[in-house]
Amino acid sequence: MINSRAPGRVCLLGDKNDLLKGPVIAAAISKFIDFQFKPVNENIIKFNFPQRNLQFERKFNENKPHDFFKFLNQISWRLKDKIAPFECTISGDLPIGAGLSSSAACSVGFISGLNKKFNLNMQVHDIAELAYQVEHNDFGIMCGRMDQFSISYGGVTYIETGDQAKVTLLPNVKLPLIIGDSKEPRKAANILNMTMDKLRQNDPIFK
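Described in the following lines is the structure provided in the data block. All values derive from a computational prediction rather than experimental measurement.

Assigned secondary structure in the protein consists of five helices and seven strands. Mapped in sequence order, the helices and strands of the protein form the string β-β-β-β-α-β-α-α-α-β-β-α. Compactness check: the protein gives a C-alpha radius of gyration of 17 Å against a globular reference of 17 Å for 207 residues, within 12% of the reference. Expressed as lengths along the three principal axes of its C-alpha atoms, the size of the protein is roughly 55 × 40 × 35 Å. Within the protein, the proportion of its 207 residues that are buried is 44%. Long-range pairs, those at least 24 residues apart, make up 63% of the contacts in the protein between residues at least 6 apart in sequence. Carbon together with sulfur atoms contributes 49% to the accessible area of the protein, which is approximately 11,100 Å² in total. Both charge centroids of the protein, one from 26 positive and one from 21 negative side chains, sit 2 Å from each other.

Here you go:
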């Protein structure tokens, strides 16, 4: 059995500045998504999310879509030549769709688990970049690199979010943050894509 986990994150300075490949400061928080991997005797990939009573199964060599598990499914497909059939159970206390980067946490934690289980020899930077590529390139979500890199590195980080992201851990920073959950979910893709459209149009308010 292999376990991995990834935290959510908050942006402390420069929210959405990574859409313009600018610098940000972000912090990982003490809410997590957890992954448990185990082998299977069939040629399948299977995902379980008991907290939402969700399950998804596909043949290992068949890229069948699924909305909720789409990031995990696509990551598995990208890495299919380096991994084998498995079952993954997801749990955790990080709110989904609450502005705390649950999608990036899912991707980073899942890649980290595959990295451990199948000895992929990926470094922290590699994990963050793959998570970004899946979200941005494969699904067309106009995100920057803040979420994936801040979550991968953990702690409080200063991130230069250009095409070659550079991360500096800020040592000895302790922040007693209180985060309120409005219980009003929203789709990050809608906000990010709309914001990027406005920026491309040189909307002065957004800039």
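Positive phi, close to 65 degrees, is recorded for K21, a residue that is not glycine. Mapping K21 onto the fold places it in the loop between β1 (2-13) and β2 (23-39). Its identity is not glycine, yet N121 carries a phi of approximately 60 degrees, on the positive side. For N121, the location among the structural elements is in the loop between α2 (102-117) and α3 (124-138).

The subject of this paragraph is the packing of helix α1 (residues 70-78) against α2. To characterise two packed helices, one gives the angle between the axes of the helices and the distance between these axes. Packing of α1 against α2 leaves a shortest axis separation of 9 Å and a crossing angle of 35 degrees. Taken as a pair, α1 and α2 cross one another with a handedness that is right-handed. Residues F71, L72, I75 and S76 of α1 touch α2, and the partners they reach there are S103, C106, S107, F110, I111 and L114. Each residue belonging to the contact of α1 with α2 can be placed in one class, and the counts come to seven nonpolar, three polar and no charged.

Moving on, we get to the nonpolar core. Counting 47 residues, the largest nonpolar core has F35, F47, F86, I90, F110 and L114 as its most contacted members. The set of elements that each furnish at least two residues to this core consists of β1, β2, β3 (44-49), α1, β5 (86-92), α2, α3 and α5 (188-200). In terms of residue count, the dominant contributor to this core is α2 (seven residues). Apart from the residues lying within four places of it in its own chain, the contact partners of F35 are I2, N3, S4, L72, C88, T89, I90, A105, C106, G109 and F110. With eight residues, the next largest nonpolar core counts A26, A128, F149 and A165 among its residues.

Let us look at the pairing of β5. Looking along a regular strand, one sees the side chains alternate between the two faces of the sheet. Bridge count between β2 and β5: seven bridges; the pairing is antiparallel. Pairing of K38 across the sheet is with E87, part of β5. When β3 meets β5, the two strands line up parallel, connected through four bridges. Bridging from a neighbouring strand, K46 pairs with E87 of β5.

This part covers the side chain of S107. Position of S107 relative to the elements: it lies in helix α2. A residue is classified by how much of its surface remains accessible, and S107, at 0% relative accessible area, is buried.

Reading the values: the criteria
- The numbers attached to residues start from 1 for each chain and follow its sequence in the written order.
- Only residues with pLDDT of 70 or above have their local features reported here, since the model is predicted, and side-chain atom pairs are shown and tallied only from 80 upward, although totals for entire chains, interfaces and linings are computed over all residues.
- By convention in this description, side-chain values take in all heavy atoms of the structure and omit both hydrogens and water.
- Secondary structure elements are defined from DSSP: runs of H or I of at least 4 residues count as helices, runs of E of at least 2 residues count as strands, and each element is numbered from the N terminus.
- As a reference, a globule follows 2.2 Å times the number of residues to the power 0.38, and the radius of gyration itself is taken over C-alpha atoms.
- Only protein chains enter the accessibility calculation, which uses a 1.4 Å probe; a residue whose area is less than 20% of its type maximum is buried, one above 50% is exposed, and one in between is partly exposed.
- Contacts: residue pairs with any heavy atoms within 4.5 Å of one another.
- Using a 1.4 Å probe, the Shrake-Rupley method yields the accessible areas, and only the shown protein chains count as cover for residues.
- Positive charges come from Lys and Arg alone, negative charges from Asp and Glu alone, with His and the N- and C-terminal ends not counted.
- To locate a charge, take atom NZ for lysine, CZ for arginine, CG for aspartate or CD for glutamate.
- Here an angle of 0 to 180 degrees is reported between the N-to-C directions of two axes, which are lines fitted to C-alpha atoms, with helices fitted over the stretch in contact.
- Crossings are sorted by hand: turned counterclockwise from the far helix by less than a right angle, the near helix makes the crossing left-handed, and turned clockwise it makes it right-handed.
- Three classes are used, and their members are as follows: Ala, Val, Leu, Ile, Met, Phe, Trp, Tyr, Cys and Pro are nonpolar, Asp, Glu, Lys and Arg are charged, and the others, Gly among them, are polar.
- Remark: nonpolar core denotes a set of buried residues (Ala, Val, Leu, Ile, Met, Phe, Trp, Tyr, Cys) joined through side-chain atoms within 4.5 Å.
- Think of it this way: DSSP has to see at least two bridges between two strands before they count as a pair.

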